[in-house]
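Per-entry structural report
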Amino acid sequence: MFQPEVESMVRAELDSLQLERLNALLERAYANVPTYREKFDSAGTRPHVDDLAGLAGLPFTVKDDLRAAYPYGMFAVPLHDIVRVHSSSGTTGQITVVGYTEGDISRWADMMARTIACAGGTADDVVQIAYGYGLFTGGLGVHYGAERLGATAIPISGGNTKRQVQVMKDFGTTILACTPSYAVLIGETAMEMGIDPHDLPLRAGVFGAEPWSDNMRTQIEEMLGITAIDIYGLSEVLGPGVASECLEKHGLHVNEDHFIIEIVDPETLLPVPDGEQGEVVFTTLTKEGIPVIRYRTRDISRIIPGECQCGRTFRRMERVTGRTDDMLIIRGVNVFPSQIEQVLAGIPGVAPHYQVVLSKRGSMDHVEVHVEVGPEVAFDEIKTLERLRNRVASEIASTLAVSLDVKLVEPKSIQRSEGKAKRVVDLRNEGSE
Ligand code: DLL
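Remember, predicted model here, so these are calculated numbers, not experimental data. (Residues numbered from 1 in each chain as written. Predicted model: local features only at pLDDT ≥ 70, side-chain atom pairs only at ≥ 80, totals over all residues. Heavy atoms only, no water.)

**Some details on the overall build of the protein**
- Assigned secondary structure in the protein consists of 11 helices and 21 strands.
- Taking contacts inside the protein between residues at least 6 apart in sequence as the whole, the part at least 24 apart equals 66%.
- Summed over all atoms, the accessible surface of the protein reaches about 18300 Å², with 50% contributed by carbon and sulfur.
- If you average the places of the 42 positive and of the 61 negative side-chain charges in the protein, the two averages end up 3 Å apart. (Helix = DSSP H or I, 4+ residues; strand = E, 2+ residues; numbered from the N terminus. Contact = heavy atoms within 4.5 Å. Areas by Shrake-Rupley, 256 points an atom, 1.4 Å probe, with all protein chains shown as cover. Lys, Arg positive; Asp, Glu negative; His and termini not counted. Charge placed at Lys NZ, Arg CZ, Asp CG, Glu CD.)

Have a look at this one:
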């Protein structure tokens, strides 16, 4: 552990630390951020709680609050004290801006150092950071964490995949940091270059920023000969470093000295008991630049009850399978793209590259899953292909409880991503088929 005195705190101490920090945060946010003052005043709520359960009575914050305050309206300190800004990608609308004080950057570095240590990283590691650098939080977030840990950071950013492989080999990279879909592309590219990743010193990966499945983890681990752990975060709350799997790979430890996690029913917005699925809500306890109170992430997860074998006492959230806003409702059945991926990654002969294509047939929505066959499958053998297609379709139908049209496509025909993969292609506004 990077900070064992904190990461394995006894619960009662952690509770009182959270309560103290929460009340300080509420006071700060109320005093300095008009959005919060208005929210609390109109709800007739005081910015104070007597115990942690009181949090459930406070108003939520949503992405639209940040949008309405664009760019700096929700900062709780003057711009003079902000040393860095990042922003969200804006794929679901107008971008939002987040700001960090010097203290925020330092705490973020600690949390990211914990994350890399969670993957077994130490000061002896060489960390290749292939998340994008820039307004996206991935690159710089991991970078500061690697340096804080005392490891060697390679700030290569995303893209130029052949160079990634060459650098990995020449610089002796031991930990790779990128999106899971980019890890697959890096592995495939290495093989094409005649470099077997198993011959390299690479031993671990810290992958996140997009949903991925346990089967995909196994594929990546086998392809690269590494241990792959899931790391989670979002810019509105911090960036990477909010939660991370440890080597037990059974849920992601939330950095509870800095955040309170709640799981709420997305319809009623009431908290659900531990173990039940719902929308993840975070409250930041120590953020100075842009504190958030009960931020609705739209991510779906649950708290894993019980203690982890690793000795960390921070509660664990299950890997995020999707967001309420990328859930597809197909003939009444809720489907997340990552569930399709979980099925595909368990079938030999198909590559972990797929896209869910939505189109219109007449007035009806039509869903087709495009799946790439693996390089080992002869694409001209119609019988083999038909058998494979039937297997994919029937496994999807039995796992998801809805049958989908499946189209097998040639190797390399689905566009590769160097960052977050685009899994859903929506052609419904582009005319019918
Ligand atoms: O993606 C921060 C990050 C960078 C996390 C690098 C991990 C590694 P945003 O661009 O604001 O921030 O996107 C946040 O991405 O609400 C989730 O929907 C999704 N996401 C992030 N990590 C995971 C993960 C960064 N491990 C949004 N599994 C979040 C599933 C994830 N989804």
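**Observations concerning the sheet that holds strand β20 (residues 405-409)**
- Across the sheet, 4 strands lie side by side as β20-β19-β18-β21; this open sheet has mixed pairing. Every other strand in the sheet has two partners, leaving β20 and β21 (424-426) as the edge strands with one partner each. Ignoring strand direction, the axes of neighbouring strands in this sheet form an average angle of 25 degrees.
- As judged from the 3 bridges shared by strand β18 (residues 350-361) and β21, these two strands associate in the parallel manner. (Pairing = 2+ DSSP bridges. Axes fitted to C-alpha atoms, helices over the stretch in contact; angles between N-to-C directions.)

**Overview of the pairing of strand β5 (residues 175-178)**
- Residues of β5 alternate between two faces, with I175 and A177 on one and L176 and C178 on the opposite face, all of them buried.
- Judged from the 3 bridges that link them, strand β3 (residues 126-129) and β5 form a sheet pairing that is parallel. Looking at β5, one finds that I129 is bridged to A177.
- Where β5 and strand β6 (residues 204-208) come together, 4 bridges link them in parallel fashion. In the strand pairing of β6, L176 is matched with G205.
- On the question of chirality, the crossover connecting β5 to the parallel β6 by way of helix α8 (residues 180-192) is right-handed. (Buried < 20%, exposed > 50% of the residue type's maximum accessible area, 1.4 Å probe, protein only. Right-handed = clockwise from strand over helix to strand, strands pointing away.)

**Regarding the pairing of strand β11 (residues 278-284)**
- Within β11, 7 of the 7 residues are buried, leaving the element largely enclosed by the surrounding structure.
- Here β11 pairs with strand β12 (residues 295-301) via 4 bridges, running antiparallel. Bridged to E279 within β12 is I300.

**Some details on the site of the ligand**
- Near the ligand there are 20 residues, and of these D230, I231, S235, D299 and K420 occur at the shortest range.
- E210 places a polar main-chain atom, nitrogen or oxygen, 3.3 Å from a nitrogen atom of the ligand.
- For the shell around the ligand, the secondary structure elements donating two or more residues are α6 (137-149), β7 (227-234) and β8 (239-245).
- A per-element tally of the shell around the ligand places β7 first, with 5 residues. (Near = heavy atom within 4 Å. Polar contact = N/O pair within 3.5 Å; in protein donor to acceptor, adjacent residues only side chain to side chain.)

**Describing unusual backbone geometry**
- Here the residue pair Y70 and P71 is connected by a cis peptide bond, since its omega of -5 degrees sits within 30 degrees of zero.
- Relative to the helices and strands, P71 is located in the loop between α4 (63-68) and β1 (82-87).
- A positive phi is found at S157, a non-glycine position, where the angle reads about 65 degrees.
- Turning to its location among the elements, S157 is positioned in the loop between β4 (152-154) and α7 (161-170).
- Located in the positive-phi region is A209, a residue other than glycine, with phi close to 80 degrees.

**Re the packing of aromatic side chains**
- Tallied over the entire structure, the rule returns 6 aromatic pairs.
- For the pair Y30 and F40, a centre-to-centre distance of 6.3 Å together with 90 degrees between the ring planes defines the contact as edge-to-face. Of the two residues, Y30 sits in helix α2 (residues 11-32) while F40 sits in helix α3 (residues 34-43), which places them 10 residues apart along the sequence.
- One aromatic cluster is present, formed by Y232, F259 and F282 through successive ring pairs.
- The cationic tip of R217 hangs over the ring face of W212; the distance from NZ or CZ to the ring centre is 6.0 Å.
- The residue whose ring lies beneath R319 is W212, and the NZ or CZ to ring-centre distance is 4.9 Å. (Phe/Tyr/Trp six-rings, centres within 6.5 Å; stacked < 30°, edge-to-face > 60°. Lys NZ or Arg CZ within 6 Å of the ring centre and 35° of its normal.)

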